[in-house]
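Summary of the model geometry
Listed below, chain by chain, are the residues.
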There are 2 protein chains.
Amino acid sequence: MGLILNLKPLFLLISFFTTVSLISCHQHHPLDPLTPSEFVLVRTIIQKSYPTASKYNLTFQYVGLDEPDKQTILSWQSKAKHSTKTPPRRAFVITRFDKQTYEIIVDLSTSSLVSKKVYQGHGYPLMTLEEQVVAAQLPLTYPPFIQSIEKRGLNISKVVCSTFSVGWFGEQRSERVLKILCFYTNETVNLYVIPIEGITVVVDLNELKIVEYHDRFIVPVPKAEGTEYRLSKLKPPFGPRLNSVQAVSPDGPGFKIDGHTIRWANWEFHLGYDPRAGPIISLASIYDLEKQKYRRVLYRGYLSELFVPYSDPTEEWYYKTFFDCGEFGCGLLAVPLEPLTDCPANAVFLDAYYAKQDGEPVKISNTFCVFEKHAGEILWRHTEISIPGETIREVRPEVSLVVRMVSTVGNYDYILDWEFKPTGSIKVKVGLTGILEVKGDKFTHTNQIEEDVYGTLLADNTIGVNHDHFLTYYLDLDVDGEANSLVKRNLVTKPNSNHTSPRKSYWTVSTETAKTESDARIKMGLKPSELVVINPNKKTKLGNDIGYRLLPGSISSPLLFEDDYPQIRGAFTKYNLWVTPYYKSEKWAGGQYADQSRGDDTLAVWSLRNRGIENKDIVLWYTLGFHHSPCQEDFPVMPTLSGEFELRPANFFDRNPHSAAWQYSGVSGGGVIRWFTVYGVMMLSRSVSSTVISVAANSS
Amino acid sequence: MGLILNLKPLFLLISFFTTVSLISCHQHHPLDPLTPSEFVLVRTIIQKSYPTASKYNLTFQYVGLDEPDKQTILSWQSKAKHSTKTPPRRAFVITRFDKQTYEIIVDLSTSSLVSKKVYQGHGYPLMTLEEQVVAAQLPLTYPPFIQSIEKRGLNISKVVCSTFSVGWFGEQRSERVLKILCFYTNETVNLYVIPIEGITVVVDLNELKIVEYHDRFIVPVPKAEGTEYRLSKLKPPFGPRLNSVQAVSPDGPGFKIDGHTIRWANWEFHLGYDPRAGPIISLASIYDLEKQKYRRVLYRGYLSELFVPYSDPTEEWYYKTFFDCGEFGCGLLAVPLEPLTDCPANAVFLDAYYAKQDGEPVKISNTFCVFEKHAGEILWRHTEISIPGETIREVRPEVSLVVRMVSTVGNYDYILDWEFKPTGSIKVKVGLTGILEVKGDKFTHTNQIEEDVYGTLLADNTIGVNHDHFLTYYLDLDVDGEANSLVKRNLVTKPNSNHTSPRKSYWTVSTETAKTESDARIKMGLKPSELVVINPNKKTKLGNDIGYRLLPGSISSPLLFEDDYPQIRGAFTKYNLWVTPYYKSEKWAGGQYADQSRGDDTLAVWSLRNRGIENKDIVLWYTLGFHHSPCQEDFPVMPTLSGEFELRPANFFDRNPHSAAWQYSGVSGGGVIRWFTVYGVMMLSRSVSSTVISVAANSS
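Residues numbered from 1 in each chain as written. Chains lettered and ligands numbered in written order. Predicted model: local features only at pLDDT ≥ 70, side-chain atom pairs only at ≥ 80, totals over all residues. Heavy atoms only, no water.

Overview of the relation of the copies chain A and chain B
The two copies are related by a screw operation: chain A maps onto chain B through 180° of rotation and 0.0 Å of translation along the axis, at an RMSD of 0.0 Å. Those values place the two copies in the arrangement expected of a two-fold rotation axis. Of the residues that chain A buries at the interface, 100% are likewise interface residues in chain B, meaning the two copies contact each other through the same surface. (Least-squares fit on C-alpha atoms with pLDDT ≥ 70 in both. Contact = heavy atoms within 4.5 Å.)

A word on the interface of chain A and chain B
Of the residues lining the interface, 212 residues belong to chain A; the matching set on chain B comes to 211 residues. Roughly 18,300 Å² of surface becomes buried between chain A and chain B when both sides are summed, with 59% attributable to carbon and sulfur atoms. Contact with chain B buries surface across chain A, with Leu242, Arg503 and Trp507 of chain A losing the most and accounting together for 5% of the total. In this assembly, chain A and chain B are joined by 18 salt bridges. (Buried area = accessible area lost by both parts, 1.4 Å probe. Salt bridge = Lys/Arg side-chain N within 4 Å of Asp/Glu carboxyl O.)

Regarding the state of the cysteines
Tallying each qualifying case throughout the model produces six disulfides over all chains. Paired through a disulfide, Cys343 of chain A and Cys369 of chain A show a sulfur-sulfur distance of 2.1 Å. On the sign convention where negative is left-handed, the bridge of Cys343 of chain A and Cys369 of chain A, at about -90° about the S-S bond, is left-handed. Within this pair, whereas Cys343 of chain A is found in the loop between helix H5 (324–328) and strand E18 (348–355), its partner Cys369 of chain A is found in strand E19 (residues 361–373), the two being separated by 26 residues in sequence. Here Cys161 of chain B connects covalently by a disulfide to Cys182 of chain B, the sulfurs 2.0 Å from one another. Torsion about the S-S bond of the Cys161 of chain B and Cys182 of chain B cystine: about 100°, corresponding to right-handed handedness. On the criterion of sequence distance, the pair formed by Cys161 of chain B in strand E6 (residues 159–164) and Cys182 of chain B in strand E7 (residues 177–184) is long-range, its members being 21 residues apart. Each member of the pair, Cys161 of chain B as well as Cys182 of chain B, is classed as buried. (Disulfide = S-S within 2.5 Å. Helix = DSSP H or I, 4+ residues; strand = E, 2+ residues; numbered from the N terminus. Buried < 20%, exposed > 50% of the residue type's maximum accessible area, 1.4 Å probe, protein only.)

With respect to the environment of Tyr582 of chain A
All names here are of chain A. If you trace the backbone, Tyr582 turns up in the loop between strand E33 (577–581) and helix H7 (603–606). On the basis of relative accessibility, which here comes to 18%, the residue Tyr582 falls in the buried class. Residues Tyr582 and Ile613, 31 residues apart in the sequence, show an inter-C-alpha distance of 9.1 Å. Those residues in contact with Tyr582, other than ones at most four positions away along the chain, are Lys70, Tyr474, Asp476, Asp617, Ile618 and Val619.

A few points about the sheet that holds strand E3 (residues 90–97) of chain A
Residue and element names in this part refer to chain A. With antiparallel pairing, the four strands of this open sheet are ordered in space as E2-E3-E4-E5. The open sheet has two free edges, formed respectively by strand E2 (59–65) and strand E5 (112–119), since each of these has just one partner strand. Strand-to-strand, the axes of this sheet are offset by a mean angle of 20°, without reference to chain direction. (Pairing = 2+ DSSP bridges. Axes fitted to C-alpha atoms, helices over the stretch in contact; angles between N-to-C directions.)

Side note on the nonpolar core
Core analysis: the biggest nonpolar cluster contains 265 residues, and Trp418, Tyr473 and Leu577 of chain A together with Trp418, Tyr473 and Leu577 of chain B have the highest contact counts within it. Every residue in contact with Trp418 of chain A, bar those within four places of it in the chain, is listed here: Ile281, Leu298, Gly301, Tyr302, Leu401, Val402, Val403, Ile426, Lys427, Val428, Tyr473 and Leu475 of chain A. (Core = buried A, V, L, I, M, F, W, Y, C linked by side-chain atoms within 4.5 Å.)

Details of the sheet that holds strand E3 (residues 90–97) of chain B
Residues and elements named next belong to chain B. On the basis of which strands lie adjacent, the open sheet formed by four strands has the order E2-E3-E4-E5 and antiparallel pairing. Both outer strands of the open sheet, strand E2 (59–65) and strand E5 (112–119), are each paired with one neighbouring strand and no more. The average angle at which neighbouring strand axes cross in this sheet is 20°, direction not considered. Here eight bridges tie E3 to strand E4 (residues 100–107), and the two strands are oriented antiparallel to one another.

Things to note about the domain arrangement of chain A
Residues and elements named next belong to chain A. Per the domain assignment, the segments of chain A are domain 1 (31–119) and domain 2 (244–696). Domain 1 and domain 2 are separated by 31 Å when their C-alpha centres are compared. Listed by partner, the interface residues are 27 residues for domain 1 and 30 residues for domain 2. When the buried area of domain 1 at its contact with domain 2 is split by residue, Leu31, Glu67 and Lys70 rank highest and sum to 27% of it. Where domain 1 touches domain 2, the interface holds seven salt bridges. (Domains from an automatic or database assignment.)

Comments concerning unusual backbone geometry
Residues and elements named next belong to chain A. Here the amide bond leading from Pro236 into Pro237 is cis, since omega sits at 0°, within 30 degrees of zero. Residue placement: Pro237 occurs in the loop between strand E9 (209–215) and strand E10 (239–242). With phi around 55°, Gln292 is a residue other than glycine that occupies positive phi space. Checked against the element boundaries, Gln292 lands in the loop between strand E15 (278–288) and strand E16 (293–309). One non-glycine residue, Asp480, lies in positive phi territory at about 60°. When you line up the elements, Asp480 lands in the loop between strand E28 (467–477) and strand E29 (483–495).

Topic: helix H4 (residues 143–151) of chain A
Residue and element names in this part refer to chain A. Taken as a whole, H4 has its buried residues at Phe145, Ser148 and Ile149. Buried positions in H4, seen along its axis, are confined to an arc of 100° and lie on one side of it. Away from the buried face of H4 by more than 90 degrees, exposed residues Pro143, Gln147, Glu150 and Lys151 are located. Contact partners of the buried residues in H4: strand E6 (159–164), strand E7 (177–184), strand E8 (195–204) and E9. Positive phi shows up at Gly153, right after H4, with a value of about 65°. (Arc of directions from axis to C-beta.)

Overview of the pattern of salt bridges
Summed over all chains, the structure comprises 127 salt bridges over all chains. The partner of Arg404 of chain A in a salt bridge is Glu377 of chain B, and the shortest N-O contact between them spans 3.6 Å. Of this pair, Arg404 of chain A sits in strand E22 (residues 400–409) while Glu377 of chain B sits in the loop between strand E19 (361–373) and strand E20 (378–384), which puts the two residues in different chains. The same class applies to Arg404 of chain A as to Glu377 of chain B, namely buried. Close ionic contact of Asp564 of chain B with Arg503 of chain A constitutes a salt bridge, the shortest N to O distance being 3.6 Å.

Written out as structure tokens, the structure reads:
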């Protein structure tokens, strides 16, 4: 995924939309992201630890919370009501200095540096926005590039360049570099649809200078007619008018936000922010009406990696196999959400902060929105007409709570949603929209194409290149406690041995508990099976295993050779689901240092230890995958392509948690309309109705 | 699926909700369902055709539109603007008289009977509500049954009985019968959770009398504590209060309804009603802004059959393998929708009519609702920060149009949605809710269970029996015209032969056109493949095939033996997708006469002819399947279990049809917020922001 940018402008807050500042005065939750003042403190402490002169060469590649151990958090939480003492706050920092990567831990309570060591392994940390901005500007003053642009009859002042991670393809030594591709902004702001092909520019990130340059061939740059997408600039024909209905909640939001803790309906959870992962949901617990207490479901859930390999093996495109979260930072690239369009009118917005390259905090306004979703769906209903003398209709409209962030990684916009339902379900959704990454080519009609062009002709000289998106989620489920097991509930066909009936077959459920990691490397969809995380130490009153099901969305698996370099680095996508025992250090499926990684620190490698996962604190790693072979409708902007998966209670509760009496505020009430009629009367009213009908009909 | 009922009471209209009468004075569309006056006319004509005395033994099992030939409709439509003459109106009627099934065609234009013949084949028509009501009451006055109830220490006055279709299990002769199961209504209206097991009652529908009776065993009837679901009757603990936000559209509905034709945004389609199928979407066309005309997508789409086999082979349950649409009538069982809960505040409601057993029309108020859905989703968006001096953010909130009907087949409520999007997508959704079909048993804890109980213990003495739901949709796609082909776009891995790059592999698309029916019997999910219906006679300007993709939802296939009787009758579920050439008579996947059918008239049989389907007018038959192994959360009412599939344009348009300028009414505008800043100024505002931050932080 390419990245071009000026530094982010400050979002102008529209005052009449609620915005909750995350730095309101509240007691710190130990999982709260670092505050601006903490960023400043971290920066000061770390700068002190380097020779003063070097302050200006020191770069902060990652600054985030060094989260306390799980046990510390859990015991803090269990005591929370009694004690107010929070566990020590620590920051984990990755810096670059003098061509080396440093891992630093800072203790914020004692304002001291806990540890600082040079990282010796393969791969590099997140790239900063600032170094990418500088790198992207280098070609514009680089004579050979200026020449290449003139040779193409283009105007250098209309060229904009973008940074691309280079991956790893078996090199023994690899410097910290990135590649630059440039685009033309000719009468459109949709620059991604005007790539300037044939040129390779490699920038060394230590020196911030161009170290390799080729100009191999010229293809016409797409004219990009009609690719403008700004409403203000568009000309007829105009589309129809759409009704922008807006959800209104007369009583204001039905949820409460206390610092980073959000409470709504029967749910309570903590919303964190990380520059790499973006939103982090922690300690999601649901209130059990019968047990009269909150029961934990998810200790921690977030997007661990986003792997996007393109399927074009040619010299200029082969390396495009991006790890968007690990190389560019899915949280770092969060964009301010726009009230009324990115989120509905009843949304509340939250800001977030990250550290710039120099360690200074930067605010991203409206990073998250939180809203009650009313899509016109039905949570449950029944009409009962069998009780003599009454008709019963009970309907509950669906209301859910959505937490949303949008990460714009260059051309692509990723909509990341977490949706909580009163029934106990958590839906994790992703929407892919924005602009396709297209390739310039000589073709203007498919009948000119004789060989594989690795994609679809979308416009003159414009190929939409085939690619995948693999979103790997970290899901540390704690189903009613830490010790859990993964159970496969296989649906199997049986012959009917019971000869009192002519039925020949039926299906039943045979369960299988995953004992070690290898039992839980699962390719989904091959046979009918339900995947349930149970707590083997607890049962329902009736004796069923207390559990939560993982319901996959549409299932996609990698199509590259296993020994192909991108697939070695992205080996964590080989299975749709992996399960590992909880290890604090195992956070990033693609490894801590994803940029130019060699696949030696991925989920696939950790899992080789084949550790025990039965009745243990386990972590699920689920990959939501998309194969994207573009079509013309994806151009010049992509209609949102969506995927989702669901965590749904399965014998977690003794009954439907929403079948008890829940009050609905406002007009919709409980949905009971009843009247008493005796059979005869009903017949009467019916015949009346049909008389009425005939009259009406005759009159028509 | 069982069915118990008093006849439907008339729904009391709440006046301030818009209700559009389908019998408003408008020119008839040839696909309009029969009007009340037409029902009356049909009845008169048909009654005349039988000996007068017999009028009272004559029953109308099905009365529906005998739709004109497709060519007649299409040529009428092409002329519609010029001529007002509609094709002749005909009704197709199935009656029962003197133990025989009659197929009758009536011409309404000439008020004459066109044809009347006795049906000699296997199987029986839809059961009428009235005969089921009478049958369900027979046990209550049947001495052996009264004895059985007393033996169980129950009170006959609290017993309610229900009718169940019997299926077919290899019998040579089969009378027209149904089975009766009874339930107890002890302190709950949730009678389905109190089955009275062990008793078999068979009723002959010709004689309407009990012809077989067994009482094999007694198990305690479930106490059904806490199974009441009416808000008005519920006791603490109470659930949290939910905010019932309601969508409001200040400008009123953005769609127009003219008779049965609905126009919204770029869509135009006809909404019909059939007692068997329920909603029928016809002539769905989408306006092409560039071509400045409507282009047809779907000629006709509806739910053709709903097969629900239970997985309990025991003597009392083995036969439960229901064809809900073909035996009971999914349209006949439509229930009045409740404003604000079944459909949001901005919904408009439509009525429908069916013929009673005596042929008289009956109105179902609020059969359909139509509403603009605003779920807070994003249709497309992009934030662009790479253009020096400006930040661009274009966001389009998603608005779609939903048509909804709910069919309550005894205990289950099926929510049937058709959703149309401005991007050209049609989503077909189904929601399963209501009450599970449970079995009484002796168990009160899983540790007492030693053998398979064919389901899950959900409460004391209550087993939720394993079962499936297979919804087979009829989809006569006309992608920009009738002549279409099904193309499989297989994603295949290729080695990289191009040695200018170190990349080893990539994937590409290899297409395959289905020539005959056998090429298009598809089990989905086995390999990565896209299914596209193309119009081989038309191409986009760029030369791509004009097409629409079928995107499946979660995929489920039958688990019964192929030679098991229910699977012989339900053989049309063997593949997730079938394609047939259009044949007017091939409408019902399970056959015209589904009740006690023998599988000799199913889609699976028609398809054996292996007809040509390339560049033909083709029909897709897609099955949306669910395996349902109940869990405690499904009790005492089921949270909605949803499934869906999508028809999405794939090179149907030359570009994203929504990327042009569409006006949004109301507050949300086009979603453009832009401001101009120069690099320096942005730096300034950023440093200001971080200063502000530190202050705020210090003060906290």
